[in-house]
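One letter stands for each residue in the lines below.
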Amino acid sequence: MTLDLAGVGAGPANLCVAALADGLPGVRCRFFDRQPVQRWHPGLMLPGSVLQVSHLKDLVTMVDPTSPYTFLNFLARTGRLYRFASLPRQVITRREYESYLRWVAGTLPQVRFGCAVEEVTFTGDAFRLATARGPYTATHLSVGTGPVPRVPEPVAGMLGPTLLHSADFGYLPATSVRGRRVAVVGGGQSGAEVVEHLLGLAGDAAPRELTWVNRRHGFQPLDDSPFTNEWFHPDYVRYFHGLAPARRKELLGAQQLASDGISADLLERVYRRMYENDFVDEHRVPCAVLPGRELHRVASTVDGWRLDLAQCDTGAPETLRADTVVLATGYEFRLPEFLRPLADRIPVASDGQLALDADYSVPWDGPAGNKLFFLNAGRHSHGIADPNLSLASWRAATVLSSIADTPWDAGATTSTSRWASTVPHETVPHETVPYETAPHRTESADR
Ligand SMILES: Cc1cc2nc3c(=O)[nH]c(=O)nc-3n(C[C@H](O)[C@H](O)[C@H](O)COP(=O)(O)OP(=O)(O)OC[C@H]3O[C@@H](n4cnc5c(N)ncnc54)[C@H](O)[C@@H]3O)c2cc1C
């Protein structure tokens, strides 16, 4: 049997597709994941770490709040709805989000774990997947294998037990931290989480020295303000996709803090922790914060690692010595190995990015009736919302609407901002109280 859609990876991106497709009659699909069970970024599952988006941005709610796969239904089915509602702040820990993903995946028979996709070829009218559990064919393919850890050029090929990406921080043995000089490179959310964790280690478990290096000029909060959040609305994504590539690139730079900043709570906790470490704690861990430093070279020495840095403003060289180096240097898109047989049929730009069509398919050199979708690979084409969970359900609905009849109004949107003059005006519901008679409107409110 040829499937309508095969998904590679069952992280949040493809799980959204699986959950929404479950309600669609006549769409035969399977999703394959190489992990034995659903795990969500297990190497950075630090105690107490929380989701950065509202629980409304779960796998389905923003498209279909009536779906059985909402986070609220998960709470209800697992007997914790009232308890959750009584929590002072309704943030979700990453551990609970992982439980939710596992609950959804476990409910959907179309999702198979322990099943790596090893190679994808094209037969002429279908994709053929060689998997750990035999071959499958599918008319359309949805690649949701997630971005991969970005390793800076000077460190390429050098990773090992004491020089590692933050994606593997959770596997770092305590002996590589206890009494050691630890350097954390990278000033985004992951870097801040690692630093907070290391500063929280007490007594013997603590490092001997801690240094936090950041190429950016400072450590800035995530911009989570309401108008900025409209960049995470479907109408903005459509607008962004229609812009010229050079303008999109400029905007991505200008909007960086909306996706790559550090959540304000965490930033404050780290700052307070450093204050206590420096002035209150009995055993102080010498701690240096180095913003505006570029990593130029890393070399192995007889007693650990030597990091050659350059001060970004002056170019002045600096040397840092460490026993353990954690690279919190982010993630990037890379064409997965299993697509190698199709690589010369997929247009990849010189900067390694894909130019995705509006429906998240790539204009590949194959029949138009066989769509090749990439989820979480469209930052350059669809904007900063793409790697984020906020629009993952809408993206999944867009994918499904491109290959099947779907009941959702994926075009509906209620943004305050009008990004283009073509956006219609009738987004205000008719029952809205007219401006002149709104009860709370006063002269002073206008100033
Ligand atoms: C630590 C961390 C925390 C984050 N927290 C947030 C947050 O709070 N809010 C937010 O909006 N965004 C967050 N993000 C960003 C983003 O939402 C997540 O990275 C999200 O998991 C991306 O989903 P994904 O499905 O694209 O990729 P992934 O979650 O990486 O899933 C990819 C899946 O593909 C599977 N796979 C890979 N190769 C194969 C293969 N060959 N065959 C079969 N399966 C394969 C993997 O096993 C994996 O399960 C976070 C990112 C990180 C790294």
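Residues numbered from 1 in each chain as written. Predicted model: local features only at pLDDT ≥ 70, side-chain atom pairs only at ≥ 80, totals over all residues. Heavy atoms only, no water.

Looking up the chain in an unreviewed UniProt entry gives the name L-lysine N6-monooxygenase MbtG, with the organism given as Virgisporangium aurantiacum. According to its UniProt record, the chain has this under Sequence similarities (unreviewed entry): "Belongs to the lysine N(6)-hydroxylase/L-ornithine N(5)-oxygenase family." (UniProt positions renumbered as here; feature names shortened; annotations may be inferred.)

Structural notes on the site of the ligand
Around the ligand, 28 residues are found, and the nearest of them are Asp33, Trp40, His41, Gln52 and Leu389. Taking Asp33, its side chain carries an N or O atom lying 2.6 Å from an oxygen atom of the ligand. A distance of 3.0 Å separates an oxygen atom of the ligand from a polar atom in the side chain of Gln35. When the ligand sits alone it has 980 Å² of accessible area, and the protein chains cover 88% of it. Considering only residue class, the shell around the ligand consists of 15 nonpolar, ten polar and three charged. (Near = heavy atom within 4 Å. Polar contact = N/O pair within 3.5 Å; in protein donor to acceptor, adjacent residues only side chain to side chain. Areas by Shrake-Rupley, 256 points an atom, 1.4 Å probe, with all protein chains shown as cover. Nonpolar A, V, L, I, M, F, W, Y, C, P; charged D, E, K, R; others polar.)

Points about the domain arrangement of the chain
According to the domain assignment, the chain consists of domain 1 (2-147 + 333-403) and domain 2 (151-222 + 261-327). Measuring from the centre of the C-alpha atoms in domain 1 to the corresponding centre in domain 2 gives 32 Å. Taken together, the contacts link nine residues of domain 1 with 14 residues of domain 2. At the boundary of domain 1 with domain 2, total buried surface from both sides reaches about 830 Å², with 51% on carbon and sulfur atoms. Of all residues in domain 1, the largest losses of buried area upon contact with domain 2 belong to Leu44, Leu46 and Gln52, amounting jointly to 57% of the total for that side. The interface formed by domain 1 and domain 2 holds two salt bridges in total. Residues Arg94 and Glu193 are paired through a salt bridge, measuring 2.5 Å at the closest nitrogen-oxygen approach. On the surface where domain 1 and domain 2 come into contact, there are five residue pairs in polar contact (both at pLDDT 80 or more). A breakdown of the residues in the side of domain 1 that touches domain 2 according to their chemical character gives four nonpolar, three polar and two charged. (Domains from an automatic or database assignment. Contact = heavy atoms within 4.5 Å. Buried area = accessible area lost by both parts, 1.4 Å probe. Salt bridge = Lys/Arg side-chain N within 4 Å of Asp/Glu carboxyl O.)

Observations regarding the packing of helix 7 (residues 234-241) against helix 8 (residues 245-254)
Contact pair helix 7 / helix 8: the axes reach a minimum separation of 9 Å and the direction vectors enclose 135 degrees. What the angle tells us is that helix 7 and helix 8 run oblique. Seen from helix 7, the contacting residues are Tyr236, Phe240 and His241; seen from helix 8, they are Arg248, Leu251 and Leu252. Tallied by class, the residues present in the contact of helix 7 with helix 8 amount to four nonpolar, one polar and one charged. (Axes fitted to C-alpha atoms, helices over the stretch in contact; angles between N-to-C directions. Helix = DSSP H or I, 4+ residues; strand = E, 2+ residues; numbered from the N terminus. Parallel < 35°, antiparallel > 145°, perpendicular 65-115°, else oblique.)

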